[in-house]
Amino acid sequence: LAALEELHKRVPDDQELALDLVKAYRDQRRFAAAVDTLSELLKAAPAREREIYSMISAIKTEERKDDEAEEWMKKALAKSPNDPAAYTRLAENYVSMQRAPEAIAAYEKVVALDPRDTKAQLALALLYEQNDAARKAAELLRKVIRNAGDEETVGRAGRKAMDLDEFADRLGELEKVLAPLSFMMAHRPIYRRLLVELY
């Protein structure tokens with residue numbers, strides 16, 4: 001940290017060095033110093049405004065200053081109102097604040113802006129389940145099973161769908177999704193494994 005501080009004094013315009021210093025401050029839980037460094041960086045690099053606002057929001061979340069974190073999140077979002085990644089960060093921060101309704105709304109916005117984001121769909125389905133919307137969660141999980149590009153996401157969605165559908169006595173509906181996929185997507189063994197687990 002001392003070396004980074006000294007370097008930063010010598011080369012105050014080095015943006016990557018400033019970000020390394022911010023990381024070091026966060027590691028040592030010196031949040032005020034991290035925010036001050038980001039504020040300096042904002043003056044030197046106004047083009048990185050959205051990124052810096054998001055980082056300050058994350059720091060405020062770590063500090064458990066939820067109201068300030070939300071304020072900075074909204075500033076970041078105002079700079080990119082149609083950016084799904086910005087809404088994803090917003091949703092993740094709401095999850096860490098344990099504010100489920102706001103997290104659900106943010107993830108719904110991500111899914112509306114980018115219907116192919118299966119990781120956001122999975123996160124949204126898990127939030128639906130935790131907030132007594134099991135039917136909506138099950139429908140979204142089936143969508144993830146059909147469309148996710150990686151085996152891990154398909155596996156997580158499939159197992160969570162089995163848990164929900166077994167509880168609601170709807171395993172037959174899930175079989176109608178998995179059985180055709182296990183043949184059509186024969187090159188992806190995850191579908192066959194999930195079908196076996198379902199049986």
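Residues numbered from 1 in each chain as written. Predicted model: local features only at pLDDT ≥ 70, side-chain atom pairs only at ≥ 80, totals over all residues. Heavy atoms only, no water.

A. Summary view of the overall build of the chain. Helix and strand counts for the chain come out as 12 helices and 0 strands. Counting from the amino terminus, helix and strand elements in the chain follow one another as α-α-α-α-α-α-α-α-α-α-α-α. Against the compact-globule benchmark of 16 Å for 199 residues, the chain has a radius of gyration of 21 Å, which places it well outside the compact range. Oriented by its inertia axes, the alpha-carbon framework of the chain measures out at about 65 × 35 × 30 Å. Of all intrachain contacts in the chain linking residues separated by at least 6 positions in sequence, the fraction that spans at least 24 positions is 47%. Carbon and sulfur atoms make up 52% of the accessible area of the chain, which totals about 11,000 Å². Here the chain carries 33 positive and 37 negative side-chain charges, and the mean point of each set is 2 Å from the other. (Helix = DSSP H or I, 4+ residues; strand = E, 2+ residues; numbered from the N terminus. Rg over C-alpha atoms; globule rule 2.2 N^0.38 Å. Contact = heavy atoms within 4.5 Å. Areas by Shrake-Rupley, 256 points an atom, 1.4 Å probe, with all protein chains shown as cover. Lys, Arg positive; Asp, Glu negative; His and termini not counted. Charge placed at Lys NZ, Arg CZ, Asp CG, Glu CD.)

B. Spotlight on the packing of helix α8 (residues 118–130) against helix α10 (residues 151–167). Running from amino to carboxyl end, α8 crosses α10 at an angle of 20°, the nearest separation of the two axes being 11 Å. The angle between α8 and α10 falls in the class roughly parallel. At the point where α8 passes α10, the crossing takes the left-handed sense. Judged by residue contacts, T118, K119, L122, L126 and E129 of α8 engage T153, R156, A157, K160 and L164 from α10. Across the contact of α8 with α10, the residue classes break down as 4 nonpolar, 2 polar and 4 charged. (Axes fitted to C-alpha atoms, helices over the stretch in contact; angles between N-to-C directions. Parallel < 35°, antiparallel > 145°, perpendicular 65-115°, else oblique. Left-handed = near helix turned anticlockwise from the far one by under 90°. Nonpolar A, V, L, I, M, F, W, Y, C, P; charged D, E, K, R; others polar.)

C. Representation of the pattern of salt bridges in the model. Enumeration according to the criterion identifies 25 salt bridges in this entry. Between E151 and R188 there is a salt bridge, with the nearest N and O atoms lying 3.8 Å from each other. Of this pair, E151 sits in helix α10 while R188 sits in the loop between α11 (171–184) and α12 (189–198), and the two are 37 residues apart along the sequence. What makes E151 partly exposed here is its relative accessible area of 29%. (Salt bridge = Lys/Arg side-chain N within 4 Å of Asp/Glu carboxyl O. Buried < 20%, exposed > 50% of the residue type's maximum accessible area, 1.4 Å probe, protein only.)

By themselves, these are just geometric observations and shouldn't be taken as functional.
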